[in-house]
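# Structural overview
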Amino acid sequence: MPMIKVFIQRLNPNGSLSLLLIGLIGTIGLYSLMILPILVGAYIDYLGFDEDTAGWVSAINLAGVAIITLIVSLKTKRWPLHKVASIGLALMLVFDVLSLFFHDLTIFAALRFCSGMAGGAAMAAAGAAIARLKHSEKGYGIYIGCQFLFPAIAMYFLAQSLPSIEFNGMMQIIIGLELLALIATPIFINYPLPAVNSELDTLETKLIFQRPALLSLLGLCVYGAATAAIWAYADRIGIDASLSVKASGNIIAIITGISVLGAILVIYLKDRFGYIKPLSAGLILQIIGLLILMNIHTPIGYTIGIGTFSIAWAFCWPYFLSIQADLDQTGTVVVAGQFTNLLGNATGPAIAAFLVGGGLYSPAIWMACGLTALSLLIMLLIPSAKQTSFASNYRPL
């Protein structure tokens, strides 16, 4: 262990290996969202929950993630990121182990909430660390790429093996991954606060309540609700399109893996076209994917629709985060943005649960289309707000 710690701390913080480790830790901390379709299906098939209950348990889990990210965002400049990540992952291990033994709905929901809070701390630390780099686009491209590639592998494997290992077997694999992530947490020591930065003496609350930051937080909240509402029921929408449970799971896994191309494109483009123009194109493409998903109820229509939605998601996310990192390099706004996004993630499945009665998913998809369009409109307001708020130090987005 000491040798591993020394090796990790010698890595270049701007290097791909360091950023890959950060991405791995952040992805494992957020597994409750990244493999949400599999989790919802497991709750229904192996714990005996109905669709509404499974949606609510997922919402409670994500609410825990959201709450801790808010707390971390208010302490970003005071709490060492390596301690935030290591304590969070250690507690996550404890609560996920307990989830193996307590499946009563009330106790289980409480454990999922606590697990979400613990994992959310690690995820928040990952987002804040990358914001401290001078150019964050590459870091967020790798980070979001990890959030699609690793879950894709996990979902493909789980789609094949879940009938034999069931819920507890799945959780044991996740617990093993959490242990590996915990070993890698010394990497955060390589991401200190910037030595010279105008935001260091500014209160976290003041950074968050500047108009451009507030718009970015609201835009991410709305976007989070739109994406999670679809992602929570992606597996069931596939079944509604005449796919088997296994086929639907395989398509989601493969599409999620292919979606890494969206994040790779961000790494290539960087800020060549700014942040707002690529983000706008990605959000429009995501709406097109949702419309395909809603109107073509066939296996091919489902594959194209969920594929377009997922690739656009992987492309948009790094630009959302880069916009926030551009507003504040301490990581405060980025972590607060993860809070509002996760608040949306928790709200989206809960609202969708009211709309999917009788196996009808079109109302939930319509809601996601509207929220994605609203998110785009909000983000388009940021450049003018930034120009007004930071007139003396304005850099176009």
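What you see is a predicted model; the values in this text were computed from it and never measured.

### A closer look at the overall build of the protein chain
Looking only at helices and strands, the protein chain features 18 helices and zero strands. Taken against the 2.2 N^0.38 rule, which gives 21 Å for 397 residues, the C-alpha radius of gyration of the protein chain at 20 Å falls within 12% of a compact globule. In terms of overall dimensions, the protein chain has C-alpha extents of about 55 × 50 × 35 Å along its principal axes. Sorting the 397 residues of the protein chain into buried and exposed places 60% on the buried side. In the structure as shown, the protein chain presents an accessible area of about 15200 Å², 71% of it carried by carbon and sulfur atoms. One finds the centroid of the 19 positive side-chain charges in the protein chain at a distance of 16 Å from the centroid of its 17 negative side-chain charges.

### Thoughts on the packing of helix α14 (residues 276-295) against helix α17 (residues 362-380)
Viewed as axis vectors pointing N to C, α14 and α17 meet at an angle of 170 degrees, and their least axial separation amounts to 10 Å. The angle between α14 and α17 falls in the class roughly antiparallel. Where α14 approaches α17, its residues I276, L279, S280, L283, I284, I287, L290, L291, L293 and M294 are matched on the opposing element by S362, I365, W366, A368, C369, T372, A373, L376, M379 and L380. The residue inventory of the contact of α14 with α17, partitioned by class, reads 17 nonpolar, three polar and no charged.

### So, the confidence of the model for the protein chain
Of all residues in the protein chain, 94% attain a pLDDT of 70 or more, and the chain-wide mean is 86. Within the protein chain, the element-level pLDDT minimum falls on helix α9 (residues 204-208), averaging 67, and the maximum on helix α6 (residues 81-98), averaging 96.

### A short note on α6
One turn of an α-helix holds 3.6 residues; hence residues three or four places apart share an orientation. The terminal C-alpha atoms of α6, which comprises 18 residues, lie 26 Å apart, in line with the 26 Å expected from a rise of 1.5 Å per residue. Lining the buried residues of α6 we find α2 (16-29), α3 (31-34), α5 (51-73), α7 (105-131) and α8 (137-183).

### Brief notes about the nonpolar core
Within the largest apolar cluster, 129 residues are counted, with the highest numbers of intra-cluster contacts made by Y43, M170, I187, F188, Y302 and I306. Broken down by element, this core gets its largest block of residues, 15 residues, from α8. I187 has contacts with I8, L11, S18, L21, I22 and I25, leaving out every residue within four places of it along the chain.

### With respect to a nonpolar patch on the surface
Taken together, the side chains of V94, V97, L98, F101, F102 and I107 define a hydrophobic patch exposed on the protein surface, amounting to about 510 Å² of accessible area. The element that contributes the greatest number of residues to the nonpolar patch is α6, accounting for three residues. Following the sequence through the fold, F102 ends up in the loop between α6 and α7.

### Considerations on unusual backbone geometry
In the Ramachandran plot, E166 falls in the positive-phi region, its phi being about 55 degrees despite a non-glycine side chain. Relative to the helices and strands, E166 is located in helix α8. Owing to a relative accessible area of 43%, E166 belongs among the partly exposed residues under this scheme.

### Things to note about the packing of aromatic side chains
Applying the stated criterion across every chain yields a total of 13 aromatic pairs. Consider the rings of Y43 and F49, whose centres lie 6.1 Å apart with planes at 50 degrees: the pair is tilted. Between F148 and W313, the ring centres sit 5.5 Å apart and the planes meet at 90 degrees, which makes this aromatic pair edge-to-face. Note that F148 is positioned in helix α8 and W313 in helix α15 (residues 299-327), a separation of 165 residues in sequence. Since its relative accessible area comes to 1%, F148 is described here as buried. Here the aromatic residues Y43, F49, F108 and F167 are joined through ring pairs into a cluster of three or more.

So, how was this worked out
Residues numbered from 1 in each chain as written. Predicted model: local features only at pLDDT ≥ 70, side-chain atom pairs only at ≥ 80, totals over all residues. Heavy atoms only, no water. Helix = DSSP H or I, 4+ residues; strand = E, 2+ residues; numbered from the N terminus. Rg over C-alpha atoms; globule rule 2.2 N^0.38 Å. Buried < 20%, exposed > 50% of the residue type's maximum accessible area, 1.4 Å probe, protein only. Areas by Shrake-Rupley, 256 points an atom, 1.4 Å probe, with all protein chains shown as cover. Lys, Arg positive; Asp, Glu negative; His and termini not counted. Charge placed at Lys NZ, Arg CZ, Asp CG, Glu CD. Axes fitted to C-alpha atoms, helices over the stretch in contact; angles between N-to-C directions. Parallel < 35°, antiparallel > 145°, perpendicular 65-115°, else oblique. Contact = heavy atoms within 4.5 Å. Nonpolar A, V, L, I, M, F, W, Y, C, P; charged D, E, K, R; others polar. pLDDT = per-residue confidence, 0-100. Expected span 1.5 Å × (residues − 1). Core = buried A, V, L, I, M, F, W, Y, C linked by side-chain atoms within 4.5 Å. Patch = residues over 30% accessible without salt bridge, like charges linked within 9 Å, V, L, I, M, F, W, Y side chains within 5 Å. Salt bridge = Lys/Arg side-chain N within 4 Å of Asp/Glu carboxyl O. Phe/Tyr/Trp six-rings, centres within 6.5 Å; stacked < 30°, edge-to-face > 60°.

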